[in-house]
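Architecture at a glance
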Amino acid sequence: MIESPPLKVREERPAQSAPADDLILVRRAQGGEYSAFDGLVQRYQERIYATVYHMTSNHEDANDLTQETFIKAYKALGSFKGDSSFFTWVYRIAVNKTINFLKTRKNKIHLSLNDLDFNAEHDPDLVAFVSDKTPRRDIGLSELQEKLNEAMQRLSDVHRLVVTLHDVQGLSHEEISKIMDCNTGTVRSRLFYARQQLQGYLSDYLK
Amino acid sequence: MNSSPDDFKDLRRLLALKRHEQPPPGYFSYLPDKVMMRVEQDDLSEYSTWWEWLVRKLDAQPVLAGAYAFAISGLMLLGFKLSQDLQHEANAEGILLTNGDPAAFQPSPAVQKHFANPAPLFYLTDFTSTDPVLQEPPPAATFKTFQSRPNFAPVPQ
């Protein structure tokens, strides 16, 4: 019997993970310097896109919402005082925009999933998942991806958000609490409930 | 309620799959350009005139204002210097009249040399505008027989 490797717990990023020069770039962007804001976009585009994508399970929507997030951030840059990190601030804009969008999209879910990258087959977590005696261990990764996304879409927006930020993106409870403007206890309870729901939806594919 | 790392082990392993979902290749290399293009368009459309936009930009960035001022001053100085050089060159060539007196006008040696042996202007004296340019003999008449019979008079019987 193949012994599965221990579950790799993703390292949680510290609450103040934003580079120190974020504030310098923000100040320059507030002065109207486009290149400084461009630097901020380049720095956070992947994380913002990923959050929105995992919330919508649709590339086109994620593309639009990511652009709108940064445009709104630029317009609202004057109101950014630096009390929180730019990272948390821009995340909050993305999350609010996405949740507002999802309210209008209700019952019109259309999955447009991105392809899996080459490393997926070699991810230790996935190798362990497939090698374990799961009832459907012969299923392909693409099908698994589709089932997982469908299950994610059945969660409520806030529960999907917590799972996305914590289990997919590896943010800490503290950081999620800042982004969602709630306390860490609420984050933990939402995370527990969301995982429980997902486990139920995906019981055919889990042990 | 307990959410220690050991809970939901398989679910969390499965969720790792989400981290491998990637947008089309090169997507993140053109996204910032798209964003910045829209930002600049929005920025520009907020102002009714380009002048308002420029004033706002210069107000926000004194360094940029200084750079613009420096560049404009440089261009003006360059223009002034060029015009001075041209004037000086023209004076040296004698093109400009001295003291505004046509009688005192002295063409430059180059001009004088050029006009020392002017081409003959016979065409202004010997010909008029209605004269043919080519002085060639008239071509042989094709209908010579008709020329000997003016007004096509009938041939006497």
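Quick look at the structure, then.

Scoring rules and cut-offs
Residues numbered from 1 in each chain as written. Chains lettered and ligands numbered in written order. Predicted model: local features only at pLDDT ≥ 70, side-chain atom pairs only at ≥ 80, totals over all residues. Heavy atoms only, no water. Axes fitted to C-alpha atoms, helices over the stretch in contact; angles between N-to-C directions. Helix = DSSP H or I, 4+ residues; strand = E, 2+ residues; numbered from the N terminus. Parallel < 35°, antiparallel > 145°, perpendicular 65-115°, else oblique. Left-handed = near helix turned anticlockwise from the far one by under 90°. Contact = heavy atoms within 4.5 Å. Nonpolar A, V, L, I, M, F, W, Y, C, P; charged D, E, K, R; others polar. Buried area = accessible area lost by both parts, 1.4 Å probe. Salt bridge = Lys/Arg side-chain N within 4 Å of Asp/Glu carboxyl O. Polar contact = N/O pair within 3.5 Å; in protein donor to acceptor, adjacent residues only side chain to side chain. Pairing = 2+ DSSP bridges.

Attention now goes to the packing of helix α3 (residues 59-75) of chain A against helix α2 (residues 27-45) of chain B. Contact geometry of α3(A) with α2(B) gives a least axis separation of 10 Å together with a crossing angle of 45°. Comparing the axis directions of α3(A) and α2(B) gives the class oblique. Between α3(A) and α2(B) lies a crossing whose hand is right-handed. Judged by residue contacts, A:His59, A:Asn63, A:Thr66, A:Gln67, A:Glu68, A:Phe70, A:Ile71, A:Tyr74 and A:Lys75 of α3(A) engage B:Tyr27, B:Leu31, B:Lys34, B:Val35, B:Arg38, B:Val39, B:Asp42 and B:Asp43 from α2(B). A class-by-class count of the residues in the contact of α3(A) with α2(B) yields seven nonpolar, four polar and six charged.

At the junction of the two partners, chain A supplies 60 residues and chain B supplies 38 residues. Here chain A and chain B share an interface that buries about 4900 Å² over both sides, 64% of which is from carbon and sulfur atoms. Across the chain A-chain B interface, the total number found is two salt bridges. For the pair chain A and chain B, the number of links is 10 residue pairs in polar contact (both at pLDDT 80 or more). Here the element with the most residues in the side of chain A that touches chain B is helix α2 (residues 34-56) of chain A; it accounts for 10 residues. Classifying every residue of the side of chain A that touches chain B by side-chain character gives 27 nonpolar, 18 polar and 15 charged. Note: strand β1 (residues 115-116) of chain A against strand β1 (residues 21-22) of chain B, two bridges, orientation antiparallel. In the strand pairing of β1(B), A:Leu116 is matched with B:Glu21.

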